[in-house]
Amino acid sequence: SHFVPGILAPLRAFVGAERAKALTATSRLELTLAVSDGVSARYGDMAAELVTTVRKTEASLNRLKDRKAGKAGAGGNGGGGTGAGKEGDSGGKVSDTDKICKQLHMDVCEYGAQLAKLGVDPGGRETF
């Protein structure tokens, strides 16, 4: 996403500012690691919350669709056929959850690249 570089922009601006040059390199790195760990942890929490919400919403919509299909196709025989409709609906389609997860994956890859530009090894950080 185009917004990912902006996540760490304030940190990048601070670290690159003239005032920050008064800090030792070790202090700048410690500050960068602390901020990036906090941002990474919060980003992870928000992404997990988003996926959970989308899954719940998708499941709810599928249940409503199944009920509607069951009433329309049942003809008074107790709702037979809803299982086949559910299987057919999800068979060839990519779900919203899958799309969001793919976008989150791309965003995390870009976020890792942004961390690397700040001198942080994303693979070496527990919060990443």
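What you are looking at is a predicted structure, and each value in this text was computed from that prediction instead of being measured.

## Digging into the overall build of the protein chain
Then step 1. Broken down by element type, the protein chain carries five helices and zero strands.
Then step 2. Sequence-ordered secondary structure for the protein chain, helices as α and strands as β, is α-α-α-α-α.
Then step 3. Per-residue burial for the protein chain yields a buried fraction of 21% across its 128 residues.
Then step 4. Accessible surface for the protein chain amounts to roughly 8,600 Å². Of this, 58% is attributable to carbon and sulfur atoms.

## A look at the nonpolar core
Then step 1. Within the largest apolar cluster, eight residues are counted, these being Val4, Leu8, Leu11, Leu33, Tyr111, Leu115, Leu118 and Val120.
Then step 2. Here valine 4 is in contact with Asp107, Glu110 and Tyr111, once residues within four sequence places are set aside.

## Quick notes on the packing of aromatic side chains
Then step 1. Scanning the model with the defined rule gives two aromatic pairs in all.
Then step 2. Relative to phenylalanine 128, the ring of tyrosine 111 has its centre 6.2 Å away and its plane inclined at 20 degrees; by these criteria the two rings are stacked. You can see tyrosine 111 sitting in helix 5 (residues 96-117) and its partner phenylalanine 128 sitting in the segment after helix 5, a full 17 residues away along the chain.
Then step 3. Owing to a relative accessible area of 1%, tyrosine 111 belongs among the buried residues under this scheme.

## Describing the confidence of the model for the protein chain
Keep in mind that low pLDDT regions are not for reading the predicted coordinates in detail.
Then step 1. The share of residues in the protein chain with pLDDT of 70 or more is 85%, and the mean pLDDT across the chain is 85.
Then step 2. Confidence scores differ between elements of the protein chain, with helix 4 (residues 82-91) showing the lowest mean pLDDT of 45 and helix 5 the highest of 94.
Then step 3. The low-confidence segment residues 78-89, where pLDDT is below 50, has six contacts with residues more than four positions distant or belonging to other chains.

## Remarks on the pattern of salt bridges
Between side chains of opposite charge, pairing is possible as soon as their charged atoms come close.
Then step 1. If you walk through the whole model with that rule in mind, you get one salt bridge.
Then step 2. With its nearest N and O atoms 2.5 Å apart, the salt bridge here joins arginine 125 to aspartate 37. Remark: aspartate 37 occurs in helix 3 (residues 25-74) and arginine 125 occurs in the segment after helix 5; sequence separation between them is 88 residues.

## Side note on helix 5
Then step 1. The terminal C-alpha atoms of helix 5, which comprises 22 residues, lie 32 Å apart, in line with the 32 Å expected from a rise of 1.5 Å per residue.
Then step 2. Among all positions of helix 5, only Thr97, Leu104, Asp107, Tyr111, Gly112, Gln114 and Leu115 are buried. Seen end-on, helix 5 carries its buried residues on one side only, within an arc spanning 155 degrees. Residues Lys102, His105 and Lys117 are exposed on helix 5 and point more than 90 degrees away from its buried face.
Then step 3. Phi turns positive, to about 90 degrees, at glycine 119, one or two residues after helix 5.

Cut-off values and rules
- Note that residues are indexed from 1 along each chain, following the sequence as it is written.
- For this predicted model, a pLDDT threshold of at least 70 governs which residues receive local features, and a threshold of 80 or more governs which side-chain atom pairs are given and counted, while totals over whole chains, interfaces and linings are taken from all residues.
- In computing side-chain properties, one takes all heavy atoms of the structure into account and sets aside hydrogens as well as water.
- Helix and strand definitions here come from DSSP, where helices need a minimum of 4 consecutive H or I residues and strands a minimum of 2 consecutive E residues; each element is numbered from the N-terminal end.
- Here the term buried applies to any residue with accessible area under 20% of the maximum for its type, exposed to any over 50%, and partly exposed to those in between, with areas from a 1.4 Å probe on protein chains only.
- Per-residue accessibility takes into account occlusion by the displayed protein chains alone, with areas from the Shrake-Rupley method and a 1.4 Å probe.
- Buried Ala, Val, Leu, Ile, Met, Phe, Trp, Tyr and Cys residues form a nonpolar core when they are joined through side-chain atoms within 4.5 Å.
- Any two residues having at least one pair of non-hydrogen atoms within 4.5 Å are treated as being in contact.
- Each Phe, Tyr or Trp ring (for Trp, its six-membered ring) is paired with any other whose centre lies within 6.5 Å, and the angle between the two planes then decides the class: stacked below 30 degrees, edge-to-face above 60, tilted in between.
- Within a predicted model, pLDDT stands for the predictor's per-residue confidence, ranging from 0 to 100.
- Salt bridges are counted wherever a side-chain nitrogen of Lys or Arg sits within 4 Å of a carboxyl oxygen of Asp or Glu.
- Expected span of a helix: the number of residues minus one, times 1.5 Å.
- Comment: arc refers to directions from the helix axis out to C-beta atoms.

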